[in-house]
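Residue-level listing of the chains:
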Amino acid sequence: MSYSTFNQEQNNPLTEPMFLGNSVNVARYDQQKHSIFEKLIEKQISFFWRPEEIDVSRDRIDFDKLTASEKHVFISNLKYQTLLDSIQGRSPNIALLPIVSLPELETWIETWSFFETIHSRSYTHILRNLFSDPSEVFEDIVINEQIKIRANDISQYYDDLIFYTQLLQTHGEGDVVIDGETHTITKREIKKKLFLCINSVNALEAIRFYVSFACTFAFAERELMEGNAKIIKLIARDENVHLTSTQHILNLWQYGEDDPEMKEIAEELRDEAYEIFMTAVKQEKQWAHYLFKDGSMIGLNESMLCQYVEYIANLRMQAIGFDAPFENQRSNPLPWMNKYLVSDNVQVAPQESEITSYLVGQIDSEVNASDLGDFDL
Amino acid sequence: MTNTFKVKVNGGPELAVDATEGTLLEALEKHQLEMNYHCRSGFCGACRSTLKSGKVRYTTEPLAYVRKGDILPCCCVPESDLDLDH
Ligand code: FES
Ligand SMILES: [Fe+2]
Ligand SMILES: [Fe+2]
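Summarised in this report is the structure supplied together with it. (Residues numbered from 1 in each chain as written. Chains lettered and ligands numbered in written order. Predicted model: local features only at pLDDT ≥ 70, side-chain atom pairs only at ≥ 80, totals over all residues. Heavy atoms only, no water.)

1. A few points about the overall build of chain B
Tallying secondary structure elements over chain B gives one helix and seven strands in all. Reading chain B from its N terminus to its C terminus gives the helix and strand order β-β-α-β-β-β-β-β. For chain B, the spread of C-alpha atoms along the principal axes amounts to about 30 × 25 × 25 Å. Residues classed as buried in chain B amount to 53% of the 86 residues present. For chain B, contacts bridging at least 24 residues in sequence account for 46% of all contacts bridging at least 6. As displayed, chain B has an accessible area near 3900 Å², and 48% of this comes from carbon and sulfur atoms. When the 10 basic and 12 acidic side-chain charges of chain B are each reduced to a single mean position, those positions are 5 Å apart. (Helix = DSSP H or I, 4+ residues; strand = E, 2+ residues; numbered from the N terminus. Buried < 20%, exposed > 50% of the residue type's maximum accessible area, 1.4 Å probe, protein only. Contact = heavy atoms within 4.5 Å. Areas by Shrake-Rupley, 256 points an atom, 1.4 Å probe, with all protein chains shown as cover. Lys, Arg positive; Asp, Glu negative; His and termini not counted. Charge placed at Lys NZ, Arg CZ, Asp CG, Glu CD.)

2. Remarks on the interface of chain A and chain B
A common measure of how large an interface is: the accessible area buried when the components associate. Taken together, the contacts link 36 residues of chain A with 18 residues of chain B. Summed over both partners, the interface of chain A with chain B buries about 2200 Å², with 53% contributed by carbon and sulfur atoms. Taken together, the connections running from chain A to chain B amount to two salt bridges. Its salt-bridge partner being A:Lys39, residue B:Glu61 comes within 2.8 Å of it at the nearest N-O pair. Taken together, chain A and chain B are joined by 15 residue pairs in polar contact (both at pLDDT 80 or more). Among the secondary structure elements, those contributing two or more residues to the side of chain A that touches chain B are helix H1 (36-46), helix H9 (226-254), helix H12 (302-318) and helix H13 (338-341) of chain A. A total of nine residues in the side of chain A that touches chain B trace back to one element, the largest contributor, which is H9(A). (Buried area = accessible area lost by both parts, 1.4 Å probe. Salt bridge = Lys/Arg side-chain N within 4 Å of Asp/Glu carboxyl O. Polar contact = N/O pair within 3.5 Å; in protein donor to acceptor, adjacent residues only side chain to side chain.)

3. A word on the pairing of strand S3 (residues 49-53) of chain B
Residue and element names in this part refer to chain B. Where S3 and strand S5 (residues 70-71) come together, two bridges link them in antiparallel fashion. Bridge assignment links Thr50 to a residue of S5, and that residue is Asp70. Pairing geometry for S3 and strand S7 (residues 82-85), over three bridges, is antiparallel. Bridge pairing in S7 places Thr50 opposite Asp85. (Pairing = 2+ DSSP bridges.)

4. Quick notes on the side chain of A:Ser200
Position of A:Ser200 among the secondary structure elements: in helix H7 (residues 187-208). Setting aside anything within four residues of it in sequence, one finds A:Ser200 in contact with A:Ile154, A:Tyr157 and A:Ile276.

Spelled out as structure tokens, the structure:
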């Protein structure tokens, strides 16, 4: 049962399930059970970007012009995104790699997590530009109650799966007593935890980012904080690829195109999966409330954001086989969002797609001393 | 052989769509329909619609999971008259 970094047993990855079969030995892609994951690897890699390439220097001037409540919106969202990517940069690796059984899926998970680390580094890039010492912002992430509630809700499913996998891989199936508590370890139990975990990650990438994205793009609509918007646009594009991968996993299970036991579990835990999504919706609405507690920003308020959460939840939930839960929110309340979510290799009318300072290296960074007001240079 | 097909969306009127002129998504936008989309290139699934009848052809291979009975209008064109829910 213990994990081996090179499983010497001869196995046929074409007949393995995605997870909890034999561990992967040879990283080979000449034959694939679910070739979609290699296609997602290629897509994701084709989107490679580096935070350092994006000039965010003008944002510092814009930031100074924001009202106190707008600054709260901007910084709170950065904190929340930092939390989300801190979790996503490590958890798919730690939770899923020990139990993955297909080489193409293993490599997808590694690619996915790697891109989350780019996102994490980009937040430091943004914050370093805004503050000479951004540590106060980072330190608040583990203190701020609003963030902590969300952190707990997201990490619990990963942590639970990781813990039970560790028990399986050290003790095998059966009862294990840890600190006086008995844990019954069966593969099926772990598969249930895996199912809930993937649903939670799916909800995270499906909707948890979008309140924050909407605020960023609302600033950009006013030609404010455009360096940041450029980074968030790249992050949003990556997130849509990640989301597609968990939608694939969930649908493959549901349709019985992978592990038959996972098909049963998907049916058995359907209500719980639905609740995970609806809890995320509720928390995002509460987050919108927290953001605007001291006042809204031009072009966006709490109720518009909540409508957008419902709109996007409808799309995301239908993608994994649920009915749209918010029937009266079928049209997009923030239509301008879409132009920032279009993938760049598609041409739309330039005046629609362009954030003023979009192109890397083509930013007019002309700044004169008076613009900088009382900054110390 | 004609390239123009009749496309009905959400039980609305029949719209003429020329399969040689852009994707189904673009065609429906030209008819002033408000369409859901993000990536416009087949990987996010935001444009997902239900195909009640008819046939489409993908011009780009979709990377989003296409559930049975669904289509992704951002990367396909009609191959027959269509009846969709979006
Ligand atoms: S808009 Fe992304 S798949 Fe169609
Ligand atoms: Fe991310
Ligand atoms: Fe992600």
